[in-house]
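Each chain is listed here by its residues.
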Amino acid sequence: MKFADLGLSNELLRAVDDAGYTEPTPIQAEAIPPILMMKDLVGIAQTGTGKTASFVLPMIDILSHGRSRALMPRSLILEPTRELAAQVAENFEKYGKYQKLEMTLLIGGVSMGDQMKDLEKGVDVLIATPGRLMDLFDRGKILLSGCSLLVIDEADRMLDMGFIPDIESICQKLPTNRQTLLFSATMPPPIKKLSDKFLSNPKHIEVARPATAATNIDQRLVETSARSKKTTLKKLLRSEDISTAIIFANRKTTVRDLQGQLKKDGFRTGQIHGDMSQPERMRELDLFKTGEINILVASDVAARGLDIKGVSHVFNFDAPWHPDDYVHRIGRTGRAGATGTAITLVTPADAEAIENIEKLTGQTIARGDKGAPKEKPKSEPSDKNEPPKPKRTSRAKTKSAGNKPAPPKPKKPQPKKSSRKAAPATAASSQTDDEDWNGPMPDFLSVKLGD
Ligand code: AMP
């Protein structure tokens, strides 16, 4: 299959050729023709599959005719995080260079003034995170009645972040006679419901998960203890042949703390997490992309979908709570056919999380103890980053677990409740996107996440 067989314009084919892509990826080959025929589409695909170009390319051709009007964007792409929104914008710039389309990025953490000026001039493509879009809508700075093409990207991540009520509300503001494209790595019931409600007779496309298909990532588990995690990590960072690495931790506080310690120990590190402002995040990413730093300590939400070439290693300082996050994390290495290494530090408390990951990916991860300091597992104080160890209830129970405490159920991160119903979100409220959530489970999430 060639790009030329998909029905794209010559301008686009030239831009694709300039980008160095010779063949469409499976999702591109399957999605581009029906999108060009103005059909609704549900794409089950993750980042790393070429998913972004599968909607950006046909959108450019669809929107190349027609004119935008003030405050009335012609198309809307919803992204869960600012980084993903910025990445989609980069894709529009790369592929749209021979066609004149006005594009605006509406994300939290940057000045609303410039965004409003752009909207007043009229935009063809609006790429937005739900919080900032709703803020501007509530202020009457944007009209969605002229928006005839909607893309809901990373829908399952939107669900995790509590954005589904916002998305429903946004869908209701768009004309009913529109084209809607929905992309998600998984299809939990709330996303299926969203698709049934807002898409019209969509074409369904599913492509293989990168983690199940990727044989180019060398995955390894390194056993350690809560107390020795940092020492183990530093040993690995010194012994592995690292060009660039991303280290994932489950909490923002761990990201901050770990980055500080690694820096003190002479590693060239930066950090990225949801408490940082947009310019701060972009600056760290730039330092990483340009090689000023070669280790980035990251939280999941901030790093989701980041497309950085040549990452040689991914480390999971904490085993992820969601098995899906494991797939996303390790997908930051081994991109576009390159090889990569993904090492996960595991403590006894992570046993069930690892089991869930192996179940999801259908792969057994190799156990290797390279870099792990030898030590007795007995006198381990529990780390504040670890789920609490279960209390021993009886001798028999302890014995049957082979003298090791049974691993507790992994703690699931709770979704952040949308702030929209209680009060209109402020710019600040849409900035923190990976806060620890302590509130009650919203009604719409009565089903288990990731089911
Ligand atoms: P995405 O799934 O959109 O995050 O894309 C993953 C990576 O694949 C990005 O680095 C893209 O630039 C790259 N990519 C997109 N389309 C192609 C293609 N047809 N051939 C090779 N690489 C591609």
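For the structure, check the block above.
Rules and cut-offs
- Residues numbered from 1 in each chain as written.
- Predicted model: local features only at pLDDT ≥ 70, side-chain atom pairs only at ≥ 80, totals over all residues.
- Heavy atoms only, no water.
- Near = heavy atom within 4 Å.
- Polar contact = N/O pair within 3.5 Å; in protein donor to acceptor, adjacent residues only side chain to side chain.
- Areas by Shrake-Rupley, 256 points an atom, 1.4 Å probe, with all protein chains shown as cover.
- Nonpolar A, V, L, I, M, F, W, Y, C, P; charged D, E, K, R; others polar.
- Domains from an automatic or database assignment.
- Phe/Tyr/Trp six-rings, centres within 6.5 Å; stacked < 30°, edge-to-face > 60°.
- Helix = DSSP H or I, 4+ residues; strand = E, 2+ residues; numbered from the N terminus.
- Buried < 20%, exposed > 50% of the residue type's maximum accessible area, 1.4 Å probe, protein only.
- Lys NZ or Arg CZ within 6 Å of the ring centre and 35° of its normal.
- Pairing = 2+ DSSP bridges.
- Contact = heavy atoms within 4.5 Å.
- Axes fitted to C-alpha atoms, helices over the stretch in contact; angles between N-to-C directions.
- Right-handed = clockwise from strand over helix to strand, strands pointing away.

Caption draft 1: A look at the site of the ligand. Around the ligand sit 16 residues in total, of which Y21, G48, G50, T52 and D307 are the nearest. Within the backbone of E23, a nitrogen or oxygen atom sits 2.8 Å from a nitrogen atom of the ligand. Within the side chain of Q28, one N or O atom sits 2.8 Å away from a nitrogen atom of the ligand. When the ligand sits alone it has 500 Å² of accessible area, and the protein chains cover 86% of it. Looking at side-chain class alone, the shell around the ligand contains three nonpolar, seven polar and six charged residues. A domain-level breakdown of the shell around the ligand finds at least three residues from each of domain 1 (3-206) and domain 2 (217-367).

Caption draft 2: Examining the packing of aromatic side chains more closely. Under the definition given, this model contains one aromatic pair. Geometrically, the ring pair formed by F55 and F183 is tilted, given 5.2 Å between the ring centres and 35° between the ring planes. Residue F55 is located in helix α3 (residues 51-63), and its partner F183 is located in strand β6 (residues 179-184); the two are separated by 128 residues in the primary sequence. Neither F55 nor F183 differs from the other in exposure class; each is buried. For R14, the ring lying beneath its charged end belongs to Y98, and the centroid distance is 3.8 Å. Between the NZ or CZ atom of K229 and the centre of the ring of F317, over which it lies, the distance is 5.0 Å.

Caption draft 3: Broad picture of the sheet that holds strand β11 (residues 295-298). Pairing in this open sheet of seven strands is parallel, and the strands run β10-β11-β9-β12-β13-β8-β14 from one edge to the other. The open sheet has two edge strands with one neighbour each: β10 (269-272) and β14 (366-367). Sitting on the sheet, helix α13 (residues 278-290) is in contact with β9 (245-248), β10 and β11, with an inclination near 140° to β10.

Caption draft 4: Representation of the environment of I167 in the model. With respect to the helices and strands, the residue I167 is situated in helix α8 (residues 164-173). Placed 89 residues apart in sequence, I167 and L78 show a C-alpha to C-alpha distance of 8.4 Å. Setting aside chain neighbours within four positions, we find I167 in contact with L78, I152, M158 and L194.

Caption draft 5: Expanded view of unusual backbone geometry. At L71, a position not held by glycine, the phi torsion is positive, near 65°. Secondary-structure assignment places L71 in the loop between α3 and β2 (75-78). Its identity as a non-glycine residue notwithstanding, N201 has a phi of 45°, on the positive side. Its place among the elements puts N201 in the loop between α9 (189-198) and β7 (203-206). Among the residues examined, N201 registers a relative accessible area of 71% and is labelled exposed.

Caption draft 6: How the structure looks around the pairing of strand β3 (residues 103-106). Burial of β3 is one-sided: the residues T104 and L106 facing one way are buried, the residues M103 and L105 facing the other way are not. Looking at chain direction, β3 and strand β4 (residues 125-128) are connected through four bridges and run parallel. Bridged to L105 within β4 is I127. Crossover handedness for the path β3 to helix α5 (residues 112-121) to β4: right-handed.

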